[in-house]
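Commentary on secondary and tertiary structure
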Amino acid sequence: DAGITQSPRHKVTETGTPVTLRCHQTENHRYMYWYRQDPGHGLRLIHYSYGVKDTDKGEVSDGYSVSRSKTEDFLLTLESATSSQTSVYFCAISGGGSSYEQYFGPGTRLTVT
Amino acid sequence: GQNIDQPTEMTATEGAIVQINCTYQTSGFNGLFWYQQHAGEAPTFLSYNVLDGLEEKGRFSSFLSRSKGYSYLLLKELQMKDSASYLCAVYTNAGKSTFGDGTTLTVKP
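In short, a report on the structure. (Residues numbered from 1 in each chain as written. Chains lettered and ligands numbered in written order. Predicted model: local features only at pLDDT ≥ 70, side-chain atom pairs only at ≥ 80, totals over all residues. Heavy atoms only, no water.)

All names here are of chain B. Evaluated as defined, the whole model comprises 23 aromatic pairs over all chains. Considering the side-chain rings of Tyr 48 and Tyr 91, the 6.3 Å spacing of their centres and the 85 degrees angle between planes classify their relative orientation as edge-to-face. You can see Tyr 48 sitting in strand 5 (residues 44-49) and its partner Tyr 91 sitting in strand 9 (residues 84-92), a full 43 residues away along the chain. Accessibility expressed as a relative area gives 17% for Tyr 48, which makes it buried. (Phe/Tyr/Trp six-rings, centres within 6.5 Å; stacked < 30°, edge-to-face > 60°. Helix = DSSP H or I, 4+ residues; strand = E, 2+ residues; numbered from the N terminus. Buried < 20%, exposed > 50% of the residue type's maximum accessible area, 1.4 Å probe, protein only.)

Structure below.
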């Protein structure tokens, strides 16, 4: 299995508070992704990174920001959490080049009350 | 933009064969992935098709027709453990994957 972890695994927070989720990989993969998964919507891309300090927006990026200061870490921040951001968040990595498949972390279940 | 369609739910019998279809409309198409996701778990990679045709990997096969914007995942000799969601995802030349909403497969004895 690819070495990819997410922290925390579960979090309950209140509306209006900032939240940061961490994704850590030990595979030295170039690409890292943040998705959210909601019932009936599959996986939707929030932001992704194609290298250190290189990031781009996905299809549902409003209300989220990311940072990647090291190859192994990709942080997702909810500046001011809202109830609509209650979801399961998955981080994924891929090598790029000839290795296109993504390997997913175990997920973080976030509840905003 | 991307548009990916797959059936929401399917049911099949243990030991049977099932085909899960995926149609897509996209720009910058590079290839198509299939992932499996058991309830409460992360998705896991099953297959990646770049060229037209059938790719076989054990009990699972995946087919792609680029001209028709169509793919399917074929599962043979179904087992109870195959009950899961199957996600179709289009990989574009922007380095991103866009996922369909997934097909929930229930295998019955």
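Glancing now at the nonpolar core. All names here are of chain B. In this structure, Tyr 24, Leu 32, Trp 34, Leu 75, Leu 78, Tyr 86 and Leu 105 are the most contacted members of the largest nonpolar core, which totals 21 residues. Every element with two or more residues in this core is listed here: strand 3 (18-25), strand 4 (29-37), strand 7 (60-65), strand 8 (70-75), strand 9 and strand 11 (103-108). In contact with Leu 78, not counting residues within four places along its chain, are Ala 12, Thr 13, Glu 14, Gly 15, Ala 16, Val 18, Arg 59, Leu 105 and Val 107. (Core = buried A, V, L, I, M, F, W, Y, C linked by side-chain atoms within 4.5 Å. Contact = heavy atoms within 4.5 Å.)

Turning our attention to the sheet that holds strand 3 (residues 19-25) of chain A. All names here are of chain A. Spatial strand order, 1-3-8-7: four strands in an open sheet with antiparallel pairing. Of all the strands in the sheet, just strand 1 (4-7) and strand 7 (64-70) have a single pairing partner and so form its edges. Pairwise comparison of adjacent strand axes, ignoring direction, gives a mean angle of 20 degrees for this sheet. Note that strand 7 and strand 8 (residues 73-78) share five bridges and pair antiparallel. The residue of strand 8 that forms the bridge with Lys 70 is Asp 73. (Pairing = 2+ DSSP bridges. Axes fitted to C-alpha atoms, helices over the stretch in contact; angles between N-to-C directions.)

With that settled, the discussion passes to the state of the cysteines. As enumerated under the stated definition, the model contains two disulfides over all chains in all. Across the disulfide, Cys23(A) is cross-linked to Cys91(A) (sulfur-sulfur distance 1.9 Å). Negative torsions about the S-S bond denote left-handed disulfides, and the value of about -75 degrees found for Cys23(A) with Cys91(A) makes this one left-handed. One end of the pair, Cys23(A), is in strand 3; the other, Cys91(A), is in strand 9 (residues 87-94), with 68 residues separating them in the sequence. Residues Cys23(A) and Cys91(A) agree in their burial class; the two are buried. Two residues share a disulfide in this structure: Cys22(B) and Cys88(B), whose sulfurs sit 1.9 Å from each other. (Disulfide = S-S within 2.5 Å.)

On the chain B side, the residues contacting the 17 residues of chain A number 17 residues. On the chain A side of the interface with chain B, the three residues burying the most area are Leu43(A), Tyr100(A) and Phe104(A), jointly 33% of the side's total. In this structure, the connection of chain A to chain B is made through three residue pairs in polar contact (both at pLDDT 80 or more). Those elements giving two or more residues to the side of chain A that touches chain B turn out to be strand 4 (31-38) and strand 5 (42-51) of chain A. Looking at which element gives the most residues to the side of chain A that touches chain B, the answer is strand 5 of chain A, with four residues. (Buried area = accessible area lost by both parts, 1.4 Å probe. Polar contact = N/O pair within 3.5 Å; in protein donor to acceptor, adjacent residues only side chain to side chain.)

With that out of the way, let us pick up the environment of Glu14(B). Residues and elements named next belong to chain B. Tracing the backbone through its elements, the reader meets Glu 14 in the loop between strand 2 (9-13) and strand 3. For Glu 14, a relative accessible area of 42% puts it in the partly exposed group. C-alpha separation for the pair Glu 14 and Gln 79, spaced 65 residues apart in sequence, amounts to 5.3 Å. In this structure, Glu 14 is in contact with Leu 78, Gln 79, Met 80, Val 107, Lys 108 and Pro 109, ignoring residues within four places of it in sequence.

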